[in-house]
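Given next are the chains, with one letter for each unit.
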Amino acid sequence: MSFKAEYIWIDGTQPTAKLRSKTKIVADGAEPGVWGFDGSSTNQAEGHSSDCVLQPVFTCPDPIRGGADVLVLCEVLDTDLTPHPSNTRAELRAVAEKFAAQEPIFGIEQEYTFFKGSRPLGFPENGFPAAQGGYYCGVGADEIFGREIVEAHLANCLAAGLGISGINAEVMPGQWEFQVGPLSPLDVSDQLWVARWLLYRTAEDFGVSATLDPKPVKGDWNGAGAHTNFSTKAMREGYEAIVTACESLGEGSKPLDHVKNYGAGIDDRLTGLHETAPWNEYSYGVSDRGASVRIPWQVEKDGKGYIEDRRPNANVDPYVVTRLITETCCASLEKAGQV
Ligand code: ADP
Ligand code: MN
Ligand code: MN
Ligand code: MN
């Protein structure tokens, strides 16, 4: 007997990588081991030397196929078994290890938009739906589009054992959010990539596509972000560390270093309107959804907790955003002796 292993990896498409997957039949009792693929078809190799290596890093039950079948998230390696240039997880591994003693954890809010053909779900054939206002966390067929897909995706994430912590309808029709975490940098990123794969795969059965486009409809419509919530042990224990973390993200070239790696098209979304701060001005504040970084009111009240970096785009690479925040904040906290 055998089971099916769906190998999932991140390709080399620019400027935003895409997910790919293919199936391997594995004998019962065997582990889904190292595998390979044709990198010349994924922007990861040239035709004359096309082999890339799949190194399994995270395995979970496959809720689509069920039974003993599994999903296998992989890192992409070159044939000499060093990380492929598109492999951003390898860089995060090193940083996560360096600062592991500070126990950094992340919760990422993944916003996305359903499309049916060329229009967001809920947009009429001609013109536009009623202006934003009633859709966020709404209920009823006049405001909600795609809930059956969202519920199926949530059930699939839970059946896969992912650390999903909630879902909600967003500000624009057809726009939704799920949250993953709080988990360690590697865990939250691996599980967010698998949750994204499950989103596309679940919606596929409904004839609907999901997109992480940060500004799917131009004009007076909200973009899609990936607010990244972050804390270390010291931040979960006291307010001084919260302030140090917020300040560290504003130091010197840090705002630009971060923003330019927070997802393609970030200047289209971080305009200063629609609950965003302008991409080129760093700010932080309590309860402030117009700031780059928000300190939730409860965190100020309790004098401890976490911060929310509101800048990352929906299409951000979680391996990159968690690496940058861990590096910047944990280095400053270490320097300040707040560990
Ligand atoms: P918002 O009010 O911004 O919509 P959400 O409830 O959607 O907030 O998301 C908050 C996220 O913060 C969740 O993913 C949650 O798991 C995460 N979170 C909660 N506490 C912490 C913490 N101490 N460190 C990091 N992330 C946290
Ligand atoms: Mn949210
Ligand atoms: Mn949101
Ligand atoms: Mn948020």
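No experiment lies behind these values; they were computed from the predicted model shown.

Asks: Mind showing me how you'd approach the coordination of the manganese ion (ligand 2) here?
Replies: Tetrahedral metal sites with four donors have an ideal angle of 109.5 degrees; octahedral sites with six donors have ideal angles of 90 or 180 degrees. Coordination of the manganese ion (ligand 2) by the protein involves Glu109 (OE) and Glu177 (OE), with metal-donor separations of 2.2 to 2.3 Å. The metal-metal distance between the manganese ion (ligand 2) and the manganese ion (ligand 3) comes to 3.8 Å, with Glu177 coordinating both. Note that Glu109 is positioned in strand β6 (residues 105-116) and Glu177 in strand β9 (residues 175-183), a separation of 68 residues in sequence. Glu177 carries the same exposure label as Glu109, and that label is buried.

Asks: Help me out: how do you make sense of the UniProt feature "domain: GS catalytic" (unreviewed entry) in the protein chain in this one?
Replies: UniProt marks residues 88-339 with the feature "domain: GS catalytic" (unreviewed entry), using the numbering shown here. Helix makes up 37% of residues 88-339 and strand 18%, and the two end C-alpha atoms of the span are 26 Å apart.

Asks: In this structure, what is going on with the packing of aromatic side chains? I would like to understand it.
Replies: In this description, an aromatic ring pair is defined by two values, namely the gap between the centres and the angle between the planes. All chains considered together, the criterion is met by nine aromatic pairs. For the pair Phe123 and Phe128, a centre-to-centre distance of 6.2 Å together with 75 degrees between the ring planes defines the contact as edge-to-face. Under the relative-accessibility criterion, Phe123 is labelled buried at 10%. Seen in terms of ring centroids, Phe123 and Trp221 are 5.3 Å apart; in terms of plane orientation they differ by 55 degrees. Their pairing is tilted. Linking Phe123 in the loop between β7 (119-120) and α2 (147-159) with Trp221 in the loop between β10 (209-211) and β11 (228-231), this pair joins segments that are 98 residues apart in sequence. A network of ring pairs unites the aromatic residues Tyr112, Phe114 and Phe178 as a single cluster. Directly above the aromatic system of Trp35 lies the positively charged group of Lys22, at a separation of 3.9 Å from the ring centroid. Note that Arg196 overlies the ring of Trp193, its terminal NZ or CZ placed 4.7 Å from the centroid.

Conventions adopted
Residues numbered from 1 in each chain as written. Chains lettered and ligands numbered in written order. Predicted model: local features only at pLDDT ≥ 70, side-chain atom pairs only at ≥ 80, totals over all residues. Heavy atoms only, no water. Donors = N, O, S within 2.8 Å, 3.2 Å for Na, K, Ca; no water. Helix = DSSP H or I, 4+ residues; strand = E, 2+ residues; numbered from the N terminus. Buried < 20%, exposed > 50% of the residue type's maximum accessible area, 1.4 Å probe, protein only. UniProt positions renumbered as here; feature names shortened; annotations may be inferred. Phe/Tyr/Trp six-rings, centres within 6.5 Å; stacked < 30°, edge-to-face > 60°. Lys NZ or Arg CZ within 6 Å of the ring centre and 35° of its normal.

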